[in-house]
Amino acid sequence: MANELDEMTGPVNQEGRDVNVIEKQIPVKVGAGSVVFEVLLWVLGIIPGIVFLFKKRSAKSYLAKLQQKLQHDASQIDNYLEQRVVILSNVAKLLEKAVDLDKSTFTDIAALRSGKSNGDLNEVASEIDKVNMKLNVAVENYPELKAHQEIADAMQQNSYLQKEITAAREVYNDTVRQWNTEIFAWPTKMIVAAKQGYTTRIPFTASSETKARARETFF
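Quick caveat: nothing in here was measured; it's all calculated off a predicted structure.

So what exactly am I meant to see when it comes to helix α6 (residues 188–196) here?
Helical geometry note: an α-helix holds 3.6 residues per turn, so side chains three or four residues apart project in the same direction. Within the sequence span of α6, burial applies to Thr188, Met190, Ile191, Val192, Ala193 and Ala194. Gly197 occupies a position one or two residues after α6 and carries a positive phi of about 75°.

Now the structure itself:
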């Protein structure tokens, strides 16, 4: 029998293929079969029905705890994003003393610090990346600024926080994957999730600007 997937003979897409996260939440739904299953357990006897009832309560508690973990993981990202805004604000103030910095940079930072920007973590992260890009351009246009110790230290802290955000995103996305898997685990968790009206969660994604920059030539 031939291999279903043969990496030696293809077919191969020579142009490559980009992928994107689909921004869609899928609700959990169960059909008539699940209803029949539950009724059948009670028909078979009170013990199977009671056992499954306790299993559903346990599943509901488990999914509630998983939701709390999702909130915790999201707050970790939020904390790092907030720290990064503070660092970029400090960088902007230092650069302003040396160069004529784009005034819209301060407007963007003020919006981020006041919480007036979009509350979605993906959107906030994208806006922070745009501010970071403006500051990087300013530094690149004036190479002598790189020798400024305070600016160099602030940019290093910014780089460190970006790595922490990336790590926190991975943790969050792992929990999202766990949630999306568990709510479709039939029968117990899926029946509970459907009754609670749960949907899948959308993982953290990179902005279109970030993806475009990743394709650029840096060296």
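Help me understand a nonpolar patch on the surface, please; the structure alone is not making it clear to me.
The grouping of Trp42, Ile46, Ile47, Ile50, Val51, Leu53 and Phe54 at the surface amounts to a nonpolar patch, some 690 Å² of accessible area in total. Counting residues per element, the nonpolar patch draws most heavily on helix α2 (residues 46–98), at six residues. Take Ile47: it is sitting in helix α2.

How should the confidence of the model for the chain be read in this particular structure?
The predicted coordinates of low-pLDDT regions are not to be read in fine detail. Mean pLDDT over the chain: 87, with 91% of residues reaching 70 or higher. Ranking the elements of the chain by mean pLDDT puts helix α7 (residues 208–214) last with 68 and α6 first with 98.

Is there a simple way to explain the packing of aromatic side chains in this structure?
Evaluation of the coordinates by the stated rule reveals three aromatic pairs. A ring pair is formed by Phe37 and Phe52, whose centres lie 5.4 Å apart and whose planes are at 85°; its orientation type is edge-to-face. Of this pair, Phe37 sits in helix α1 (residues 32–44) while Phe52 sits in helix α2, and the two are 15 residues apart along the sequence. Looking at Phe37, the relative accessible area reads 24%, which means it is partly exposed. A relative accessible area of 7% means that Phe52 is categorised as buried. With a centroid separation of 5.1 Å and 55° between ring planes, the pair formed by Phe37 and Trp186 is classed as tilted.

What's the story with the nonpolar core in this structure? I'm lost.
As a rule of thumb, nonpolar side chains are buried together in soluble globular proteins. One finds Leu81, Leu95 and Leu135 to be the most contacted residues of the largest nonpolar core, which totals 45 residues. Of all the secondary structure elements, the ones that give two or more residues to this core are α2, α3 (103–114), α4 (121–141), α5 (149–182) and α6. When residues of this core are assigned to their parent elements, the largest contribution, 15 residues, is made by α2. Every residue in contact with Leu81, bar those within four places of it in the chain, is listed here: Leu121, Val124, Ala125, Ile128 and Ile165.

Any chance you could explain the pattern of salt bridges here in plain terms?
Pairing is possible between side chains that carry opposite charge, provided their charged atoms lie close to one another. On inspection of all chains with the given rule, the structure shows six salt bridges. Glu38 is the salt-bridge partner of Lys56, the closest N and O atoms lying 2.7 Å from each other. With a gap of 18 residues between them, Lys56 in helix α2 and Glu38 in helix α1 connect regions that are remote in the sequence. Here Lys56 matches Glu38 in class, with each residue buried. Close ionic contact of Lys69 with Asp73 constitutes a salt bridge, the shortest N to O distance being 3.0 Å. Of this pair, Lys69 and Asp73 both sit in helix α2, separated by four residues, roughly a single helical turn. Taking the relative accessible area as the measure of exposure, Lys69 reaches 36% and is therefore partly exposed. The exposure class assigned to Asp73 is buried, which follows from its relative accessible area of 4%. Salt bridges sharing partners connect three or more residues here, namely Glu38, Lys56 and Lys195.

About the criteria used
Residues numbered from 1 in each chain as written. Predicted model: local features only at pLDDT ≥ 70, side-chain atom pairs only at ≥ 80, totals over all residues. Heavy atoms only, no water. Buried < 20%, exposed > 50% of the residue type's maximum accessible area, 1.4 Å probe, protein only. Helix = DSSP H or I, 4+ residues; strand = E, 2+ residues; numbered from the N terminus. Patch = residues over 30% accessible without salt bridge, like charges linked within 9 Å, V, L, I, M, F, W, Y side chains within 5 Å. Areas by Shrake-Rupley, 256 points an atom, 1.4 Å probe, with all protein chains shown as cover. Salt bridge = Lys/Arg side-chain N within 4 Å of Asp/Glu carboxyl O. pLDDT = per-residue confidence, 0-100. Phe/Tyr/Trp six-rings, centres within 6.5 Å; stacked < 30°, edge-to-face > 60°. Core = buried A, V, L, I, M, F, W, Y, C linked by side-chain atoms within 4.5 Å. Contact = heavy atoms within 4.5 Å.

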